[in-house]
Amino acid sequence: MTAARVDRRWLSEAVRRIEADYNRSADTHLIRVDLPRYPGIVLYLKDESSHPTGSLKHRLARSLFLYALCNEWIGPETTVIESSSGSTAVSEAYFAKMLGLRFIAVVPATTAAPKLDAIRFHGGEIHMVDDPRSVYAVSHGLAAETGGHYLDQFTYAERATDWRGNNNIAESIFAQMAEEEHPCPSWIVCGAGTGGTSATIGRFLRYCRHDTKLCVADPVNSVFHRHFEDRSVTALPEGCASQIEGIGRPRVEPSFLPPVIDRMIAVEDADSIGAMRALSDRLGRRVGGSTGTNLWACAQLIEEMAAAGQTGSIVTLLCDGGERYGCTYYHDAWLDERNVAWTDAAARMTQFLG
């Protein structure tokens, strides 16, 4: 039986709406952070929290929808499904609502309540699972049950984004760095949830022949850095999980591409939270936990550069704001219950930031 074709007029209008939304959104800001203790080295934060849905995942969601639309996987009656710990689903719910489509997010039961509220705010539905490892199978099952489409960010993230340009995040970074004293960063640092962002940045660096190296910061309880060191390691033991939402995975995802990564740094959850808290104090506004993970890796790289007498710049991602984590990462009792001893890390990062 041949699948029904999607009406091209509807498809054209759907793409137009998404592109119009992109044109209405200015590029995200690049925040300069001077480091008094490290003269000649400058840190920059690519502030992805300024997207309409508040996180880096807005870029991914837009790309996934355009990819699915142009492949005719989504039509005017399609139910859209995604497995997500929150931020990707928030952004996808936004685009689904824009196109008048039903959206269901399959999320772990531990997902922060404000993220679930944000999904619902944009018209999305929540399907909760107790075992995070089951999100893939449950999503496939819901797609089959509803006759819908599973966007599958973990498979398609690395191919849905145009890594050669089209104002992807890497091209945007280099355009914004053009007038800085060190326009070609020594390092770009990001995390990995799907692996799509690191794949895009790593490919772009090679395609444009930049000398910049890519470092991926990864929670200690994630499989990605273990797989980077030993390709035979593809999954974590049962019960091993990170507290940092949005990055780190229990299994190696199809979109994670180790060859385009130059280095990985594993970061303890307590260090991520401490760095997050210190940076929030420095900026005067809250940032999310994965930004703390990125910052901790940046500090290690900057200390190594200073010890070697090097100058230059490092760019990392401010992935999302901290408003969604008021009941978790910014709630001391919540952290105490999980034995996350973050205060020493915060003090160390405060000293690093000067």
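So, here is what we can say about the structure in this document.

Definitions and limits used
Residues numbered from 1 in each chain as written. Predicted model: local features only at pLDDT ≥ 70, side-chain atom pairs only at ≥ 80, totals over all residues. Heavy atoms only, no water. Helix = DSSP H or I, 4+ residues; strand = E, 2+ residues; numbered from the N terminus. Rg over C-alpha atoms; globule rule 2.2 N^0.38 Å. Buried < 20%, exposed > 50% of the residue type's maximum accessible area, 1.4 Å probe, protein only. Areas by Shrake-Rupley, 256 points an atom, 1.4 Å probe, with all protein chains shown as cover. Pairing = 2+ DSSP bridges. Expected span 1.5 Å × (residues − 1). Arc of directions from axis to C-beta. Contact = heavy atoms within 4.5 Å. Axes fitted to C-alpha atoms, helices over the stretch in contact; angles between N-to-C directions. Salt bridge = Lys/Arg side-chain N within 4 Å of Asp/Glu carboxyl O. Parallel < 35°, antiparallel > 145°, perpendicular 65-115°, else oblique. Left-handed = near helix turned anticlockwise from the far one by under 90°. Nonpolar A, V, L, I, M, F, W, Y, C, P; charged D, E, K, R; others polar.

**A short note on the overall build of the chain**
Part 1 of the reasoning: Summing up its helical and strand segments, the chain has 13 helices and 10 strands in all.
Part 2 of the reasoning: A compact globule built from 354 residues should have a C-alpha radius of gyration of about 20 Å, and the chain, at 20 Å, falls within 12% of that.
Part 3 of the reasoning: Counting only C-alpha atoms and orienting by the principal axes, one finds that the chain spans roughly 65 × 45 × 40 Å.
Part 4 of the reasoning: Here the chain, with 354 residues, has 57% of them falling under the buried criterion.
Part 5 of the reasoning: Summed over all atoms, the accessible surface of the chain reaches about 14,800 Å², with 48% contributed by carbon and sulfur.

**A word on the pairing of strand β10 (residues 312-318)**
Part 1 of the reasoning: Where burial is concerned, most of β10 is hidden: seven out of the seven residues are buried.
Part 2 of the reasoning: Pairing geometry for strand β2 (residues 41-47) and β10, over seven bridges, is parallel. Across the sheet, the residue bridging to aspartate 47 is leucine 318, located in β10.
Part 3 of the reasoning: Pairing between strand β7 (residues 187-190) and β10: three bridges, direction parallel.

**Remarks on helix α5 (residues 135-146)**
Part 1 of the reasoning: For α5, spanning 12 residues, the distance from its first C-alpha to its last is 16 Å, which sits close to the expected 16 Å at 1.5 Å a residue.
Part 2 of the reasoning: The complete set of buried residues in α5 reads Val135, Tyr136, Ser139, Leu142 and Ala143. Looking down the long axis of α5, one finds its buried residues gathered within 130° of arc, a one-sided arrangement. For α5, the exposed residues lying more than 90 degrees away from the buried face are Ala137, Ala144 and Glu145.
Part 3 of the reasoning: Structurally, α5 contributes buried residues whose contacts are with β3 (80-83), β4 (103-108), β5 (125-129), β6 (149-150) and α6 (153-160).

**Considering the sheet that holds β6**
Part 1 of the reasoning: Taken in spatial order, the four strands of this open sheet run β5-β4-β3-β6, and their pairing is parallel. One side of each edge strand has no neighbouring strand; the edge strands of this open sheet are β5 and β6.
Part 2 of the reasoning: Looking at chain direction, β3 and β4 are connected through four bridges and run parallel. Residue glutamate 82 lies in a different strand from β4, and its bridge partner there is alanine 105.

**Description of the sheet that holds strand β8 (residues 213-219)**
Part 1 of the reasoning: Here six strands make up an open sheet; going across it, the order is β1-β2-β10-β7-β8-β9 and the pairing mixed. The open sheet has two free edges, formed respectively by β1 (29-34) and β9 (263-267), since each of these has just one partner strand. Strand-to-strand twist of the sheet, defined as the mean angle between neighbouring strand axes without regard to direction, takes the value 25°.
Part 2 of the reasoning: Lying over the sheet, helix α10 (residues 269-283) contacts β1, β2, β8, β9 and β10, oriented at roughly 95° with respect to β9.

**With respect to the pattern of salt bridges**
Part 1 of the reasoning: Per the stated rule, a full pass over the model turns up 24 salt bridges.
Part 2 of the reasoning: With its nearest N and O atoms 3.5 Å apart, the salt bridge here joins arginine 9 to aspartate 7.
Part 3 of the reasoning: Of the residues examined, arginine 9 reaches a relative accessible area of 70% and is grouped as exposed.
Part 4 of the reasoning: The class of aspartate 7 is partly exposed, set by a relative accessible area of 34%.
Part 5 of the reasoning: Among the salt bridges present, the one from glutamate 337 reaches arginine 338, with a minimum N-O distance of 3.3 Å.
Part 6 of the reasoning: Look at arginine 338 and you get partly exposed, because its relative accessible area is 33%.
Part 7 of the reasoning: A single network of salt bridges, built from pairs that share partners, joins Asp27, Lys46, Glu48 and Arg59.

**Things to note about the packing of helix α1 (residues 8-24) against helix α3 (residues 87-99)**
Two measures define how a pair of helices packs: the angle their axes make with one another and the distance between the axes.
Part 1 of the reasoning: Between α1 and α3, the shortest axis-to-axis distance is 10 Å and the interhelical angle comes to 130°. Between α1 and α3, the crossing angle belongs to the class labelled oblique. For α1 against α3, the interelement crossing comes out right-handed. Packed against α1, whose contacting residues are Trp10, Ala14, Arg17, Ile18 and Asp21, the element α3 presents Tyr94, Phe95, Met98 and Leu99 at the interface.
Part 2 of the reasoning: Here the contact of α1 with α3 is composed, by residue class, of seven nonpolar, no polar and two charged.

**Considering the packing of α1 against helix α2 (residues 57-70)**
Part 1 of the reasoning: Put simply, α1 and α2 touch, their axes get as near as 10 Å, and they point 160° apart. One finds that α1 runs roughly antiparallel with respect to α2. In this structure, α1 crosses over α2, and the sense of that crossing is left-handed. Of the residues in α2, those in contact with Trp10, Leu11, Ala14, Val15, Ile18, Glu19, Asp21 and Tyr22 of α1 are His58, Arg62, Phe65, Leu66, Leu69 and Cys70.
Part 2 of the reasoning: Partitioning the contact of α1 with α2 into residue classes produces 10 nonpolar, one polar and three charged.

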